[in-house]
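A structural walkthrough
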Amino acid sequence: MRVALFQPDIPQNTGTILRLCACLNVEAHIIEPAGFPVSDRHFRRAGMDYLDEVTIVRHDSWPKFNQWRAEDGGRLVLFTTKGARPYLDYRFADTDILLFGRESAGVPDAVAAAADATLVIPVRPGLRSLNVAMAAAMAVGEALRQTRSAATGRSS
């Protein structure tokens, strides 16, 4: 399981997601350009000392990430408010790449079109969306619940 962040622009959210990845042993990919330097104090504070415990792969552009993904063979699963299917109805695989867009703008249409699946975390009508770090925690939690249960043969 991998998490990919498309051009993240809020350092605290990125740090929180990287901490999540460290704690759950999930590889993190950052698709540049990010809206902040990795030396940003808010990023460091949110990630705390967990940043040394997470595998972070940086891609300096969407085309470079997409090339890596094509070679890797994992499915690209985009979480978006425009998702076609609720995330709880999706069957995750342990090689999936869970993609989250910019907090301010999501992902461009070309990135969405490249996804193998577009999923939504349903929220109450009239409300826009969850914080991206919260969405990532929910998505990773469900994906790992499914894949780790399948790997052990246990139902959850």
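Below, the structure is looked at part by part. (Residues numbered from 1 in each chain as written. Predicted model: local features only at pLDDT ≥ 70, side-chain atom pairs only at ≥ 80, totals over all residues. Heavy atoms only, no water.)

**Structural notes on helix H1 (residues 11-24)**
Taking 1.5 Å per residue, 14 residues should reach 20 Å; H1 reaches 20 Å between its end C-alpha atoms and fits that length. The positive-phi residue at the C-terminal boundary of H1 is Asn25, with phi of around 60°. (Helix = DSSP H or I, 4+ residues; strand = E, 2+ residues; numbered from the N terminus. Expected span 1.5 Å × (residues − 1).)

**Here's the deal with the nonpolar core**
In this structure, Phe79, Leu98 and Phe100 are the most contacted members of the largest nonpolar core, which totals 31 residues. Elements represented by at least two residues in this core include exactly strand E1 (2-6), H1, strand E2 (27-31), strand E4 (76-79), strand E6 (97-100), strand E7 (117-120) and helix H5 (132-152). Per-element accounting of this core gives the leading share, eight residues, to H5. When neighbours within four sequence positions are excluded, Phe100 is seen to be in contact with Val3, Ala4, Leu5, Phe6, Phe79, Val132, Ala135, Ala136 and Ala139. Membership of the second largest hydrophobic core comes to 13 residues, among which are Phe6, Trp62, Val107 and Ala114. (Core = buried A, V, L, I, M, F, W, Y, C linked by side-chain atoms within 4.5 Å. Buried < 20%, exposed > 50% of the residue type's maximum accessible area, 1.4 Å probe, protein only. Contact = heavy atoms within 4.5 Å.)

**Examining the pairing of E7**
Relative to E7, E4 is paired through three bridges, and the arrangement is parallel. What sits directly across from Phe79, in E7, is Leu119. As paired elements, strand E5 (residues 85-86) and E7 share two bridges and run parallel to each other. Along E7, the bridge assignment pairs Arg85 with Leu119. (Pairing = 2+ DSSP bridges.)

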